[in-house]
Protein chains: 4
Amino acid sequence: MIIVMKHGSPEADLRKVVEKVEAMGLHTDISAGETQTIIGVLGDVTQVSTEDFEGMAGVEKVLRVQKPYKLASRDFRPMDTVVEVGPLRVGGGYLGVIAGPCSVESEAQVVEIARRLKAAGAHALRGGAYKPRTNPYAFQGHKEDGLKMLAAARAETGLPIVTEVVTPADVETVARYADVMQIGARNMQNYLLLSEVGRAHKPVLLKRGMSATLEELCCAAEYIMAESSKQVILCERGIRTFETHSRNTLSLCAVPALKEMTHLPVIVDPSHGTGKRAWVAAMTRAAVAAGADGLIIEAHVEPERALTDGFQTISCDDFARLMDDVRKIAEVVGRKIGVCTSAAAA
Amino acid sequence: MIIVMKHGSPEADLRKVVEKVEAMGLHTDISAGETQTIIGVLGDVTQVSTEDFEGMAGVEKVLRVQKPYKLASRDFRPMDTVVEVGPLRVGGGYLGVIAGPCSVESEAQVVEIARRLKAAGAHALRGGAYKPRTNPYAFQGHKEDGLKMLAAARAETGLPIVTEVVTPADVETVARYADVMQIGARNMQNYLLLSEVGRAHKPVLLKRGMSATLEELCCAAEYIMAESSKQVILCERGIRTFETHSRNTLSLCAVPALKEMTHLPVIVDPSHGTGKRAWVAAMTRAAVAAGADGLIIEAHVEPERALTDGFQTISCDDFARLMDDVRKIAEVVGRKIGVCTSAAAA
Amino acid sequence: MIIVMKHGSPEADLRKVVEKVEAMGLHTDISAGETQTIIGVLGDVTQVSTEDFEGMAGVEKVLRVQKPYKLASRDFRPMDTVVEVGPLRVGGGYLGVIAGPCSVESEAQVVEIARRLKAAGAHALRGGAYKPRTNPYAFQGHKEDGLKMLAAARAETGLPIVTEVVTPADVETVARYADVMQIGARNMQNYLLLSEVGRAHKPVLLKRGMSATLEELCCAAEYIMAESSKQVILCERGIRTFETHSRNTLSLCAVPALKEMTHLPVIVDPSHGTGKRAWVAAMTRAAVAAGADGLIIEAHVEPERALTDGFQTISCDDFARLMDDVRKIAEVVGRKIGVCTSAAAA
Amino acid sequence: MIIVMKHGSPEADLRKVVEKVEAMGLHTDISAGETQTIIGVLGDVTQVSTEDFEGMAGVEKVLRVQKPYKLASRDFRPMDTVVEVGPLRVGGGYLGVIAGPCSVESEAQVVEIARRLKAAGAHALRGGAYKPRTNPYAFQGHKEDGLKMLAAARAETGLPIVTEVVTPADVETVARYADVMQIGARNMQNYLLLSEVGRAHKPVLLKRGMSATLEELCCAAEYIMAESSKQVILCERGIRTFETHSRNTLSLCAVPALKEMTHLPVIVDPSHGTGKRAWVAAMTRAAVAAGADGLIIEAHVEPERALTDGFQTISCDDFARLMDDVRKIAEVVGRKIGVCTSAAAA
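Each chain carries its own residue numbering, running from 1 in the direction its sequence is written. Chain labels run from A onward and ligand labels from 1 onward, assigned in the order the entries are written. pLDDT decides what is reported in this predicted model: residues at 70 or higher carry local features, side-chain atom pairs at 80 or more are listed and counted, and totals for whole chains, interfaces and linings draw on all residues regardless. Side-chain descriptors were evaluated using all non-hydrogen atoms of the structure, hydrogens and water having been removed beforehand.

Colleague: Give me the lowdown on the overall build of chain A, citing residues and values where you can.
Modeller: Helix and strand counts for chain A stand at ten helices and 16 strands. Viewed in the frame of its principal axes, chain A has a C-alpha envelope of about 75 × 45 × 40 Å. Classification of the 346 residues of chain A by burial places 68% in the buried group. A sequence separation of at least 24 residues applies to 68% of the contacts in chain A between residues at least 6 apart. Of the roughly 11,300 Å² that chain A leaves accessible, carbon and sulfur atoms contribute 49%. Secondary structure follows DSSP: runs of H or I at least 4 residues long count as helices, runs of E at least 2 residues long count as strands, and numbering of each begins at the N terminus. With a 1.4 Å probe rolled over the protein chains alone, any residue whose accessible area is under 20% of its type maximum counts as buried; one over 50% counts as exposed, and the rest are partly exposed. What makes two residues a contact is simply this: any of their non-hydrogen atoms within 4.5 Å. Using the Shrake-Rupley algorithm and a 1.4 Å probe, accessible areas are obtained, with residue cover drawn only from the displayed protein chains.

This is the structure in structure tokens:
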């Protein structure tokens, strides 16, 4: 951590800052420049916040050099984390593809979709049983019944299930059915939920909040990893900016940036990242080319009849065609992509 | 709702859209312009989403005209809602001032601060017992013990208590102590929490999410109001933009904008809205001049020693001086501001 | 400037950085922390950019401590700059009010508006003769004829003229008529225009670009000040964010922030800052309360008939009423506000 | 255009709006819904702005349905525009690659870079002779001497030249040397420059402003096309958002979005779009996969010694390796990519 003192601030201010640093068991290194004095804070500053110094008299700014997360940082674990659940392998050179409907509507629907996506090459099935909705009067999901429908689709196809959990009280129930527990963008900073999910002994798919920085995303992963789970998949799904042509602004540069910061796998959601069916294929290809470790795509047998998110959902046929391109581009960028061979009861 | 068809889209696409509208029990009004055909959707569209049509073939865009919230809308209730708890009155021409430390640190601390703020003219005491923190290793609040310390300060001063609840499981406990339950910015779209708080029969202070639109804020209020509670205070506390000089970008224009959209009172948080102690006074004055119905300000006896948010916390002495300006500007803009005379032990 | 080396970067990388620093005639101060090595760059770094080091091997990040502007910085000139032109005084405790139509439409229009605004207390007249428009087919202003109409209004009322110049070739012409030359938001980084205007020996009103940081605004002022003109007024007029309820997001916190960074006066444009007539009064009051040194407001005799920007233009009658509040709030915040008594023909 | 009247607004307001529409030679179609009245405006509204109605009494909002640009719109010209200059072909299924140093530093430098890039497969040479810089004290380019150096490189390699023009007065000079004239992001709304360049009878590369919407980008192209030039290449180069990990947020979804809106070719600048050398390759691959019609990449023999933008410039060797991936991904997405065989001295 670096503390920059104000131009012309009195010696006494500097002394107070140094005392506070030392009271925390840390050391200082002071550079008195011609126009400004800079205090380097040395030692383990993981639990120290820039806030601790920003309000002090004479302090102009406080710059954090070390990262506020540790378990998630590549500095402390250089090797890629690989998340593997049945046919799904994400990270460490593997590209995993998760696909399925936005909402689980009925057992027939989700089983049919799962069969078709598996045939097209998907490695896992997504589907929402608990749906957070902006409009309080809109469909909120089938809840535990939805989880049972997903389990039926898994029994039928062998595809592991990725599904969202929205509140700590549901973690135990969701963990009973899900193979990978998803934290949605709106809950990325729901810290109690993160901790609870971290204790559930299941891999976690953590979506970036729509206004979260990459550092905040890594801190959210750290909340999970500070509990037992070390299997966290990060997901770029678009951020909120002044752009209105797409639902969110998909920031694919987050892929190489995150892969420098952390050893965790990074996947992309081109459905929320565009909000428009016609653009999903282009952004899927781009995500693979950008080096993503995986994809999560909304697909449905009849997207125009989907109960939720139909406007950004592609058909199972389009998904199958798109997978051909995914395989070709994955090869160019050196990503292995598993063929889903495990089946029903196997 | 208005559905704009693509230039040159076939008649069949139009027919399908009209059928879907009618299947929802709604009517259409079709304007065939020279370059584009526009379908007006008439009837009660509260439960209809633009999503329902956006993905359909031939549809260029879907524009919502009616608001997706009803109970919170000024269209359906023109008169201002006034929230009144003890000496605190917010809305309907009243300006209420809530102040206190970011975190409750000890009973002695919070009682002392409450006394001094009351003397300076505050109408309610804020203080965090449950603290959501970005860094998992940082201080997370004293929890129920913190609530007891707040209750002690209320017993001492008569100031009602405003405190945050962060998860549905804590609502009952927090409701036992709090006079106003606060939903923080990170939880504005934690819908289960909103609903749970809506059932607690207490007024709610709802902070705007850092990337939430005003419409989403009103929808979040609607979640609460769809339960029993109709006493919701909205709070502008700054949004996330490209600006880095302030912690958040305080958007004071949200005050007149929200007051057009909704009958609920609108207050401002100049502490989070600036993130810098030196700018709190200027933004407090500006908020009152902009027509805010209230303020929530972080104040501490010794801001430099505050456990959290010290950098944006003002001293009780500065708060007292600032209240003089608040009273004068309130008068210019026609806001009544109560003098806190009720007191328990005082 | 501070250069942070990557965790584990080789000694040779450090040496290359130090050599580059020294080749620029600057010195280094090296702190070897437990996890990272930090190089302080000492000396006059005004002409050094973070870019000069960001791409070098082993460098993690480069942090600028000193400001990249000098003439505009309060560090080098602590006393407020006051801009004074006839009855207009801005800065140093004075609040100056500039008002007038978006576009100059006719001599009769602008003279009539000028008379009424002067009677209401305005200190200067704004009016656009050269209009940059997003739509190439829209009205682009009366150009030099418009300037002559403004001059007629000045002759009639004694109000100095503030008007925009959009390209270097027009600077000489505009300078012949204008008392204050305005640089619009879209031209804030049109550096050749800034330099040309800086040579015109007239005060300059420089609007913040819609995505400019405060530092970039100060750098733009530095371009002007690096030429002969030292009389620059900065203007906050709203930035582009994800918010769509207002045309721009007026960031009033820029007022206290800029006044710390620079000695130049800071004014606010509540018309562009809201984009909506009904919100102009609230944001005008808020701007004064925030400590602005002045205002620039779009006003018209018949706003609904204005050729441009009518939706954010207030009537002269509303302006007169608003000035009463401006005077009262100015008094609360200790701003002097001149009465316009000087007059040419009046 | 659609005008939505306020809930409960009087009949007289409606009548005034209708009169104004008719006075413009347009027709109306009125839908009186249960809660709101909606006025459809029919006829050629190219020269009508939403502003014309937004400020009128009783109007809630005005929605533009038709696009404010015509020559650039795909509605009016469905076929792709192809820009072709020597070996460079952009659009209509062709992928063109422009590369070169940020600044032209010396003839030897630029000739050497041009040779190496041509050998690696580049189709055109970029290089800045006029450099707009945030810091007024930084290197501003070699101006006309720089253009001569570029011409020397063209003579040597046959690569056409792409170079920026920053002010109307320089258009004639730059047009004498350049094959494609570039408008930089900061000048995207410098309308006089756009018009002047539009009269120069040269293809134009128009970069998106850092806070410009896609509609504003198309309107800027319309300014150029309203003059003689119809050969405009649009360029996504990243927008300004809250993200700080990259210099700009590269919005690759702009590629498919723009290709729906306009027939003009769309290219991507992964250098400014990342601001970091290490991420350029990933974003280059992603841009091609997203369907871009071309690329503009900063490359230098010794990026660490580049006078400007070194931190985001790749080496000629890295460029050569990257071109292999570009060719493979281009094939997957069905883009033809020319081999540069024409050459002057070669």
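Colleague: Before we move on, could you go through the interface of chain B and chain D and cite the residues and values that matter?
Modeller: If you look at the interface, chain B gives 25 residues, while chain D gives 25 residues. A pairing counts as a salt bridge when a side-chain nitrogen of Lys or Arg comes within 4 Å of a carboxyl oxygen of Asp or Glu. On the surface where chain B and chain D come into contact, there are two salt bridges. Between lysine 67 of chain B and glutamate 60 of chain D there is a salt bridge, and its shortest N-O distance comes to 3.6 Å. We define a polar contact as two N or O atoms separated by no more than 3.5 Å, with the added condition that, inside protein, one atom must be a possible hydrogen donor and the other a possible acceptor, whereas residues neighbouring each other in sequence contribute only through side-chain atom pairs. Inspection of the region where chain B meets chain D yields two residue pairs in polar contact (both at pLDDT 80 or more). Of all the secondary-structure elements, those providing two or more residues to the side of chain B that touches chain D are strand S1 (2-5), strand S2 (27-32), strand S3 (37-42) and strand S4 (59-63) of chain B. Amino acid classes used here: Ala, Val, Leu, Ile, Met, Phe, Trp, Tyr, Cys and Pro are nonpolar; Asp, Glu, Lys and Arg are charged; the rest, including Gly, are polar. Residues that form the side of chain B that touches chain D fall into these classes: seven nonpolar, ten polar and eight charged.

Colleague: Which residues make up the sheet that holds strand S1 (residues 2-5) of chain D, and what values do they have?
Modeller: Within a beta sheet, neighbouring strands are joined by backbone hydrogen bonds and run either parallel or antiparallel to one another. All names here are of chain D. Spatially, S2-S3-S1-S4 is the arrangement adopted by the four strands of the open sheet, whose pairing is antiparallel. A strand with exactly one partner marks an edge of an open sheet, and here the two such strands are strand S2 (27-32) and strand S4 (59-63). For this sheet, the mean angle separating the axes of adjacent strands, direction not counted, is 20°. Should DSSP find at least two bridges between two strands, the strands are taken to pair. With six bridges joining them, S2 and strand S3 (residues 37-42) adopt antiparallel strand pairing. For helices, the axis comes from a line fit to the C-alpha atoms of the stretch in contact; other axes are also lines fit to C-alpha atoms, and the angle between any two N-to-C directions lies between 0 and 180 degrees.

Colleague: For the relation of the copies chain B and chain D, give the residues involved together with the corresponding values.
Modeller: Its rotation angle being 180°, the transformation that places chain B on chain D also includes 0.0 Å of axial translation and leaves an RMSD of 0.0 Å. The superposition of one copy onto the other is thereby described by a two-fold rotation axis. The rotation axis passes nearest to the C-alpha of phenylalanine 242 of chain B in chain B, at a distance of 2.0 Å. A share of 100% of the interface residues of chain B reappears at the interface of chain D, consistent with the copies meeting face to face through the same patch. We superpose the copies by least squares over the C-alpha atoms of residues that have a pLDDT of at least 70 in both of them.

Colleague: Talk me through the pairing of strand S11 (residues 204-207) of chain D; I want residue IDs and the actual numbers.
Modeller: Residue and element names in this part refer to chain D. By the alternation rule, side chains of S11 split into Val204 and Leu206 and Leu205 and Lys207, which are all buried. Pairing geometry for strand S10 (residues 180-183) and S11, over three bridges, is parallel. If you follow isoleucine 183 over to S11, its bridge partner there is leucine 206. What joins S10 to S11 is helix H6 (residues 191-198), and the crossover it makes is right-handed. Of the pairings in the sheet, the one linking S11 to strand S12 (residues 232-236) comprises four bridges and is parallel in character. The partner of leucine 205 across the bridge, within S12, is isoleucine 233. With strands facing away from the observer, any crossover in which the path from the first strand over the helix to the second runs clockwise is taken as right-handed.

Colleague: Please give an account of the interface of chain B and chain A that cites residues and values.
Modeller: Chain B puts 43 residues into the contact, and the matching count from chain A is 43 residues. Together, the buried faces of chain B and chain A total about 3,800 Å²; carbon and sulfur atoms form 48% of this surface. The interface formed by chain B and chain A holds four salt bridges in total. Arginine 133 of chain B is paired through a salt bridge with glutamate 51 of chain A; the nearest N and O atoms lie 3.8 Å apart. Put simply, buried area is how much 1.4 Å-probe accessible surface two parts lose in total, over both of them, once they are put together.

Colleague: Which residues make up the relation of the copies chain B and chain A, and what values do they have?
Modeller: The operation linking the two copies of the chain is a rotation about an axis combined with a translation along the axis. With an axial shift of 0.0 Å and an RMSD of 0.0 Å, the rotation relating chain B to chain A amounts to 180°. Mapped onto chain A, 100% of the interface residues of chain B again fall at the interface, so both copies present the same surface.

Colleague: Please give an account of the packing of aromatic side chains that cites residues and values.
Modeller: The description of an aromatic ring pair rests on the distance of the ring centres and on the angle between the ring planes. Centres within 6.5 Å make a pair out of two Phe, Tyr or Trp rings, where for Trp the six-membered ring is used; the pair is then stacked when the planes are under 30 degrees apart, edge-to-face when over 60, and tilted otherwise. Taken as a whole, this structure holds four aromatic pairs over all chains when the rule is applied. A ring pair is formed by tyrosine 191 of chain A and tyrosine 223 of chain A, whose centres lie 4.4 Å apart and whose planes are at 15°; its orientation type is stacked. Note that tyrosine 191 of chain A is positioned in helix H6 (residues 191-198) and tyrosine 223 of chain A in helix H7 (residues 214-225), a separation of 32 residues in sequence. The class of tyrosine 223 of chain A is buried, set by a relative accessible area of 5%. Over a ring means this: the NZ of a Lys or the CZ of an Arg is within 6 Å of the ring centre and within 35 degrees of the ring normal. Taking the ring centre of tyrosine 94 of chain B as reference, the NZ or CZ of lysine 336 of chain B above it sits at 4.6 Å.

Colleague: Give me the lowdown on the nonpolar core, citing residues and values where you can.
Modeller: Soluble globular proteins: nonpolar side chains tend toward being buried together. The definition of a nonpolar core used throughout is a set of buried Ala, Val, Leu, Ile, Met, Phe, Trp, Tyr and Cys residues joined through side-chain atoms within 4.5 Å. One finds Leu206, Leu252 and Phe319 of chain B together with Leu206, Leu252 and Phe319 of chain C to be the most contacted residues of the largest nonpolar core, which totals 172 residues. With sequence-adjacent residues up to four places away left out, phenylalanine 319 of chain C is seen in contact with Val97, Ala99, Leu117, Ala120, Ala122, Ile297 and Ile314 of chain C. If you look at the next biggest cluster of nonpolar residues, it comprises 171 residues, including Leu95 and Tyr130 of chain A together with Ala153 and Leu159 of chain D.

Colleague: Help me get a handle on the domain arrangement of chain A, residues and values and all.
Modeller: Assigned domains within chain A: domain 1 (2-63) and domain 2 (83-345). The centre of domain 1 of chain A, based on its C-alpha atoms, is set 43 Å off from the matching centre of domain 2 of chain A. Domain limits in this description derive from either an automatic procedure or a database domain assignment.

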